[in-house]
Amino acid sequence: RFGIGSPTYHVVIGGLEAAYDSSRKTIQTRYQQWEKNMGIVYGKSPGTKAFLGHTYLVLLSRLLIDMKINGTISNDEDLRRSIRGERLSQYGLGGYEGGYFTWVLDSGSQSITIPLLRKLADQLSMYDVQKVSGDLFRAIYQEIVTVEVRHRTGEYYTPQWLTEMTVEKVLQRYDKPSIIDPACG
C-alpha cells in the first residue's frame, strides 16, 4: 500500500519532486549536508532520487509512529508538529526532532507539501494503526534502498525466522526476558 509500486508512493514522490524543485535554493544546505554524509557511507553521492526516497521513508515513519501513539493527526499544525518530531518527544521519544527531512516544512515548499502530507496521513488513517505490530518498514525500506546498496555499506538484516526463533528461546528460558540487538541501527 505504501511501497514503491503503490499509487500512494508515486503521488507523494511526485509531490516531493515538485516541492524540491520549487524550493531547491532554500533547502540546499540540508541537501548538501545529507549528500556529504551519504557520500561517505555509499562512497559517492546517492543523488536527488535517493534523497527524496529517504524523505518519503522518514515522513511515512514519523506519521505512522505518531498515529500509533496519538491516534489521529487532526489538523495541519499537528501534522507539522508530527514531522518535526514534537508530538513524539512529548512522550520521551527523542531522536525524531528536526533533521534533514524537515525541509518539507520550509516556507517555500509548504504549499505543496502540507496537502501532500495530509493525503499521506489520510491514507494511513484508513488502517487501524493501533493494532499494527511487527516490523512495519522493512519491506518499504528494502524496496527504496536496494540490496546492492545495503550490502555495499555493510548493512544486513537478520532473517525473520532467526529473529522469531531467538525471541521464542529467550521467552522459554527466562522469567523476565530482555533482548538487545547491538547491531540494530
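Refer to the structure above for everything that follows.
Residues numbered from 1 in each chain as written. Predicted model: local features only at pLDDT ≥ 70, side-chain atom pairs only at ≥ 80, totals over all residues. Heavy atoms only, no water.

### Quick word on the environment of Gln123
So, step 1. The residue Gln123 is located in helix H6 (residues 110-125) in this model.
So, step 2. Note on Gln123: relative accessible area 21%, which makes it partly exposed.
So, step 3. Among all residues touching Gln123, those that are not within four sequence positions of it are Arg1, Phe2 and Thr8. (Helix = DSSP H or I, 4+ residues; strand = E, 2+ residues; numbered from the N terminus. Buried < 20%, exposed > 50% of the residue type's maximum accessible area, 1.4 Å probe, protein only. Contact = heavy atoms within 4.5 Å.)

### A few points about the side chain of Asp78
So, step 1. Considering the arrangement of structural elements, one finds Asp78 in helix H4 (residues 76-84).
So, step 2. The residues touching Asp78, leaving out its near neighbours within four places in the chain, are Ile73 and Arg87.

### Digging into the packing of helix H3 (residues 48-70) against H6
So, step 1. For the pair H3 and H6, interaxial distance at closest approach is 10 Å and the crossing angle is 50 degrees. Here H6 runs oblique to H3, going by the angle between their axes. The handedness of the crossing between H3 and H6 comes out as right-handed. Where H3 abuts H6, its residues Leu59, Leu60, Leu63, Leu64 and Met67 lie against Leu117, Leu120, Ala121, Leu124 and Ser125.
So, step 2. Classifying every residue of the contact of H3 with H6 by side-chain character gives 9 nonpolar, 1 polar and no charged. (Axes fitted to C-alpha atoms, helices over the stretch in contact; angles between N-to-C directions. Parallel < 35°, antiparallel > 145°, perpendicular 65-115°, else oblique. Left-handed = near helix turned anticlockwise from the far one by under 90°. Nonpolar A, V, L, I, M, F, W, Y, C, P; charged D, E, K, R; others polar.)

### Focus: the packing of aromatic side chains
So, step 1. One pass over the structure, following the stated rule, counts 11 aromatic pairs.
So, step 2. An angle of 35 degrees between the planes, with centres 5.7 Å apart, marks the rings of Tyr31 and Trp34 as tilted. Placement of the pair is Tyr31 and Trp34 together in helix H2 (residues 24-42), with a separation of 3 residues, close to one helical turn. Of the two residues, Tyr31 and Trp34, neither departs from the other in class, the shared state being buried.
So, step 3. Measuring from centroid to centroid gives 6.0 Å for Tyr100 and Phe101, while their planes differ by 80 degrees, and the two rings are edge-to-face.
So, step 4. Exposure remark for Phe101: the relative accessible area of 11% places this residue in the buried category. (Phe/Tyr/Trp six-rings, centres within 6.5 Å; stacked < 30°, edge-to-face > 60°.)

Purely geometric numbers; function is a separate question.
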